[in-house]
Amino acid sequence: MGNKDDDSRRRPATRFAFDRRLRTMGRRRFVSTLLGAGFGSMAGLLTPEDVEAAGRNEVPLVYAHGENFEPRTMTVPADWFADLRSAFDAQRRFDVRSTPGVVGSAVIPGEFGGRNAALTVDVTGSEAGGAVPERVGDVAVEVNRVESTRSDETRSDRASSIAGRWIPGGIECANREASGTLAPAMYDGETPFFATSNHVYGGDEERFKGEPFFVFGNRGPRKIGEVRRGYQLDDFVRIDPVNGFRPLSVIHGESPSPVVGQFTREGLAELKARGSKLEKIASRTGHSSGKLQAIDGMTCAYGKVCKRGQLKWGSQSDFTDGDSGSVNYHPDPENPDSGLLIGGFNNARTWWPGEDYIWGTSAYRIVSEYGFTFSPPTADAR
């Protein structure tokens, strides 16, 4: 990692003290040891073989979940992981809602061999400046000024020409009042469903229950589903397929297009550390790519409730009304030819001076809160 201004505050690297009985260590003790080392929810997913595969100054990391929710692992520098862990801890300790003028925060992961992780804090007034500390623990804090307003999606007449009853993500979808972009198939266990942004429905979770849901083909709008439930807090809506239509784990126009899973929080941090870009395909602005900026965000500036698990990436110029509900993605870093891993939904963009990104709810947040995934049970589910 990069040098610090004060060496006495350098964060200790994650260390392992496993002995030669690693392979014979009971599972409960093994997981407990990883929990003590700061691996959190990854602890129950790693194996002794994953730990042994890491070098002297490396640690294993679960970067994604694939088909059947199988964990996908890689190794990362131990000091980078310790630095990231400190930033996540700072994010938990910083209380957005009790600090006047502060409306959001997020983690900027560090770079391999470069800058350390930091906390970015959004404020809506000059009076908030003095309430924001320069550091939380040993994690630096960056302050951004934002506007506490938002815009609504508007109906457009642009249609997507899609034939057949297997419907991919990335195309235009609509209800009776507004349009958005369809996500690739989501799954409740083995049950697939359609999804897009909840705010396409005005943010109301119950009013639109049972309402028809459409996509557009050569012969006009086609009803492909009915709304089952909206999730206002995380801004997505679940739509059950009807009339023989079925969602595909595919993004229309992308190659390779199969969706094979979703990134974990730590997997997104690893992408940021490598300077990798996320991509999207949406019904208005089409294909774009951009650098990942911050993860694990919380914002209270927009809508009726505070939103957690927010992801910031790309540029506002690559997103407009009608793109909400699209997803951001990246090829599987360890198996790029196998398909795409989802980072999260794209729900909004900035429009105020000084900030420039697309933001939305991360896939890992939806997995942890609701158990819904972008992971097909088998390859045949695509």
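These numbers were taken from a predicted model, which means no experiment stands behind them. (Residues numbered from 1 in each chain as written. Predicted model: local features only at pLDDT ≥ 70, side-chain atom pairs only at ≥ 80, totals over all residues. Heavy atoms only, no water.)

**Q** Hey, could you run me through the overall build of the protein chain in this one?
**A** Regarding its fold elements, the protein chain presents 5 helices and 24 strands. Per-residue burial for the protein chain yields a buried fraction of 56% across its 382 residues. Entry remark: accessible area of the protein chain is about 16100 Å², with carbon and sulfur atoms responsible for 44%. (Helix = DSSP H or I, 4+ residues; strand = E, 2+ residues; numbered from the N terminus. Buried < 20%, exposed > 50% of the residue type's maximum accessible area, 1.4 Å probe, protein only. Areas by Shrake-Rupley, 256 points an atom, 1.4 Å probe, with all protein chains shown as cover.)

**Q** Explain the environment of Thr320 to me, please; I cannot follow it from the model alone.
**A** As for its position among the elements, Thr320 is in the loop between strand 19 (307-313) and strand 20 (327-331). Thr320 gets classed as partly exposed once you look at its relative accessible area, which sits at 28%. Considered as a pair, Thr320 and Thr285 are 35 residues apart in the sequence and their alpha carbons are 6.9 Å apart.

**Q** Please explain the packing of aromatic side chains as it appears in this structure.
**A** By convention here, two paired aromatic rings are described through the distance between centres and the angle between planes. Under the defined criterion, the tally for this structure stands at 11 aromatic pairs. Geometrically, the ring pair formed by Phe193 and Phe372 is edge-to-face, given 5.1 Å between the ring centres and 70° between the ring planes. Here the residue Phe193 occupies a position in strand 11 (residues 191-196), and Phe372 occupies one in strand 24 (residues 372-373), the gap between them amounting to 179 residues. For Phe372, a relative accessible area of 6% gives the class buried. Among the aromatic side chains, those forming a connected cluster through ring pairs are Phe193, Tyr231, Phe236, Phe345, Tyr370, Phe372 and Phe374. Here Arg165 stacks its cationic end above the ring of Phe245, 4.7 Å away from the centre of that ring. Looking at Arg265, its charged tip hangs above the ring of Phe88, at a distance of 3.6 Å from the centre. (Phe/Tyr/Trp six-rings, centres within 6.5 Å; stacked < 30°, edge-to-face > 60°. Lys NZ or Arg CZ within 6 Å of the ring centre and 35° of its normal.)

**Q** Help me out: how do you make sense of the state of the cysteines in this one?
**A** Covalent bonding between the sulfur atoms of two cysteines is what defines a disulfide. All chains considered together, the criterion is met by 1 disulfide. Disulfide pairing is shown between Cys300 and Cys306; the S-S distance is 2.2 Å. A torsion of 115° about the S-S bond marks the disulfide between Cys300 and Cys306 as right-handed. By relative accessible area, which is 23% here, Cys300 ends up partly exposed. Overall, the relative accessible area of 22% leaves Cys306 in the partly exposed class. (Disulfide = S-S within 2.5 Å.)

**Q** Sorry, what's going on with the pairing of strand 2 (residues 71-77) here?
**A** Looking down a regular strand, the side chains alternate between one sheet face and the other. Examined bridge by bridge, strand 1 (residues 58-65) and strand 2 share 7 bridges and lie antiparallel to one another. Note that in strand 2 the partner of His65 across the bridge is Pro71. Hairpin connection from strand 1 to strand 2: 5 residues lie between these consecutive antiparallel strands, with Asn68 at a positive phi of about 55°. (Pairing = 2+ DSSP bridges.)

**Q** Quick question: what am I supposed to make of the pattern of salt bridges here?
**A** Using the criterion set out here, one finds 17 salt bridges in the structure. The partner of Asp332 in a salt bridge is Arg72, with the nearest N and O atoms 2.2 Å apart. On the criterion of sequence distance, the pair formed by Asp332 in the loop between strand 20 and strand 21 (340-345) and Arg72 in strand 2 is long-range, its members being 260 residues apart. Assigned by exposure class, Asp332 and Arg72 land together as buried. Notably, a salt bridge pairs Asp188 with Arg238, separated by 3.0 Å at the nearest N-O pair. Taken together, the positions of Asp188 in strand 10 (residues 186-188) and Arg238 in strand 14 (residues 236-241) put the pair 50 residues apart, joining distant regions of the chain. A relative accessible area of 4% places Arg238 in the buried class. It is possible to trace a salt-bridge network through shared partners that takes in Asp188, Arg228, Arg238 and Asp240. (Salt bridge = Lys/Arg side-chain N within 4 Å of Asp/Glu carboxyl O.)

**Q** Sorry, what's going on with unusual backbone geometry here?
**A** Excluding glycine, residues mostly have negative phi values, and the peptide bonds linking residues are mostly trans. Here the phi dihedral of Asn68 falls at roughly 55°; this positive angle occurs in a residue that is not glycine. A residue is classified by how much of its surface remains accessible, and Asn68, at 49% relative accessible area, is partly exposed. Phi at Phe69 takes a positive value of approximately 60°, unusual for a residue other than glycine. Counting through the fold element by element, Phe69 comes out in the loop between strand 1 and strand 2. Since its relative accessible area comes to 33%, Phe69 is described here as partly exposed.

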